[in-house]
Amino acid sequence: MKGEYCIGGASFLSAVAVLLLIFVHVGQINTSSVPYGISMAALNVSGYGNALFQAFQDPIQGLYTDNASLPLGQGLGLRQEYKFGLYSYCAYVTGSAGSCSNHTVASRFEPYNAITADMLLNYSQYSNYIFVDTTFKNSSYLGYNSHVAYYFLLLGTLFAFLSLLTGVLRRTFLFFVSAALAILSTIFVLIGAAIWTSLIKKAESINTLQISSGVLDGMSMSYGTGIYLSWAAFACLAASIVPYMISCCTYRG
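Residues numbered from 1 in each chain as written. Predicted model: local features only at pLDDT ≥ 70, side-chain atom pairs only at ≥ 80, totals over all residues. Heavy atoms only, no water.

**Q** Just checking my understanding: could you explain the sheet that holds strand 3 (residues 89-94) for this structure?
**A** Whenever strands of a sheet pair, they do so through backbone hydrogen bonds, lying parallel or antiparallel. A sheet is described by the order of its strands in space; here 5 strands give the open sequence 4-3-2-1-7, paired in antiparallel fashion. Of all strands in the sheet, those bounded by a partner on one side alone are strand 4 (97-100) and strand 7 (220-223). Averaged over all pairs of adjacent strands, the angle between their axes in this sheet comes to 20°, without regard to strand direction. (Pairing = 2+ DSSP bridges. Helix = DSSP H or I, 4+ residues; strand = E, 2+ residues; numbered from the N terminus. Axes fitted to C-alpha atoms, helices over the stretch in contact; angles between N-to-C directions.)

In structure tokens form, the structure reads like this:
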């Protein structure tokens, strides 16, 4: 009986982890309600124009667009908020009204490139000067590490699913396999989540960056819900390891 409870508990935890990781993967694939609410990172640039005006005392014209249907990366104007997922990023004028980039496997987290690609040339030149030597501007560093983190999360998701699948078959040998897969998935999800968390933490330095004395840059980088879902999935996977291992010794099916 003890083995039955352990199997049920481990399977439940694995199923929750798989579900959470699926949500992580669908974040920002489009602008519908569920993907819109899930991202790895969010960048609010609504105050950047006002910050430029305060710093340079020149009228700021053409920096933003209020047309949500315009394509990204064409210098047609900044949106108010940018959200980054594992396969694409989306930019929003207001609420969920926005558009998304092309889908790419292991999409690189390059927030600086994303926003400057929407700016007119003169504003991107200002930005090059303002954000010089910041991690936020270091797209090669952020892009490479987020690219690597994607594969850790992907493998963690696959191993979690296989752990769930082998566990429900209820064979003593397969519980060893499930436990091993749960350990692997836990490690991979941990590494992927930790890399993303570190990248966003470093990019958050722009939140306190000053354009000139007493004038902040008006941008705000923050963790997206996908980060919290990834850590929750890690916790579920870690918790599933013990009952899977107990089932190896106690189940007599």
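Now that the structure has been shown, the text picks up again.
**Q** Got a minute to help me understand unusual backbone geometry in this structure?
**A** Peptide bonds are, in most cases, trans, and in most cases residues other than glycine have a negative phi. Of note in this structure, glutamine 28 is not a glycine but carries a positive phi near 60°. Despite not being glycine, alanine 106 shows a phi value in the positive range, around 60°. Tracing the chain through its elements places alanine 106 in the loop between strand 4 and helix 4 (111-116). Its relative accessible area of 2% is what places alanine 106 among the buried residues. (Buried < 20%, exposed > 50% of the residue type's maximum accessible area, 1.4 Å probe, protein only.)

**Q** Would you take a moment to explain a nonpolar patch on the surface for this structure?
**A** A cluster of nonpolar side chains, namely Phe161, Leu162, Leu165, Val168 and Leu169, defines an oily patch on the protein surface of about 430 Å² accessible area. Mapped onto the secondary structure, leucine 162 falls in helix 6 (residues 139-168). Here leucine 162 falls in the partly exposed class, since its relative accessible area comes to 36%. (Patch = residues over 30% accessible without salt bridge, like charges linked within 9 Å, V, L, I, M, F, W, Y side chains within 5 Å. Areas by Shrake-Rupley, 256 points an atom, 1.4 Å probe, with all protein chains shown as cover. Salt bridge = Lys/Arg side-chain N within 4 Å of Asp/Glu carboxyl O.)

**Q** Sorry, what's going on with the state of the cysteines here?
**A** Between two cysteines, a covalent bond joining their sulfur atoms is known as a disulfide. Within this structure, the stated rule accounts for 1 disulfide. A disulfide bridge connects cysteine 90 with cysteine 100, and the sulfur atoms are separated by 1.9 Å. Looking down the S-S bond of the cysteine 90 and cysteine 100 bridge, the torsion is 95°, so its handedness is right-handed. Here cysteine 90, found in strand 3, pairs with cysteine 100, found in strand 4; they are 10 residues apart in sequence, far enough to count as distant. The exposure class of cysteine 100 is partly exposed, given its relative accessible area of 25%. (Disulfide = S-S within 2.5 Å.)

**Q** For this particular structure, what's the right way to read the pattern of salt bridges?
**A** For side chains bearing opposite charge, pairing can occur when the charged atoms are close. The final tally for this structure, using the stated rule, is 3 salt bridges. The salt bridge involving aspartate 118 is made with arginine 79; its shortest N-O contact spans 3.8 Å. Taken together, the residues span a long stretch of sequence, with aspartate 118 in the loop between helix 4 and helix 5 (121-130) and arginine 79 in the loop between helix 3 (48-56) and strand 2 (81-84) at a distance of 39 residues. This pair shows no difference in class: aspartate 118 is buried, exactly as arginine 79 is. For lysine 201, the salt bridge is made with glutamate 204, and the minimal N-O distance between the two is 3.9 Å. Take lysine 201: its relative accessible area is 54%, and that puts it in the exposed class. Glutamate 204 sits in the buried class, given a relative accessible area of 18%.

**Q** Help me understand the packing of aromatic side chains, please; the structure alone is not making it clear to me.
**A** On inspection of all chains with the given rule, the structure shows 17 aromatic pairs. Geometrically, the ring pair formed by phenylalanine 56 and tyrosine 126 is stacked, given 5.1 Å between the ring centres and 20° between the ring planes. Separated by 70 residues along the polypeptide, phenylalanine 56 in helix 3 and tyrosine 126 in helix 5 bring together distant segments of the chain. The partly exposed category is assigned to tyrosine 126, whose relative accessible area is 32%. Seen in terms of ring centroids, tryptophan 231 and phenylalanine 234 are 5.8 Å apart; in terms of plane orientation they differ by 90°. Their pairing is edge-to-face. Remark: phenylalanine 234 and tryptophan 231 occur in helix 8 (residues 225-250); sequence separation between them is 3 residues, near one turn of the helix. Assessed through its relative accessible area of 22%, phenylalanine 234 is described here as partly exposed. Pairwise contacts between aromatic rings join Tyr82, Phe84, Tyr89, Phe109 and Trp196 into one cluster. (Phe/Tyr/Trp six-rings, centres within 6.5 Å; stacked < 30°, edge-to-face > 60°.)

**Q** What should I look at first to understand the pairing of strand 2 in this one?
**A** As paired strands, strand 1 (residues 41-44) and strand 2 are joined by 4 bridges and run antiparallel to one another. When the sheet's bridge partners are listed, asparagine 44 is paired in strand 2 with glutamate 81. Across 4 bridges, strand 2 lies against strand 3 in antiparallel orientation. For phenylalanine 84, the partnering residue across the bridge sits in strand 3 and is tyrosine 89. Here strand 2 folds back onto strand 3, and the loop between the two strands holds 4 residues.

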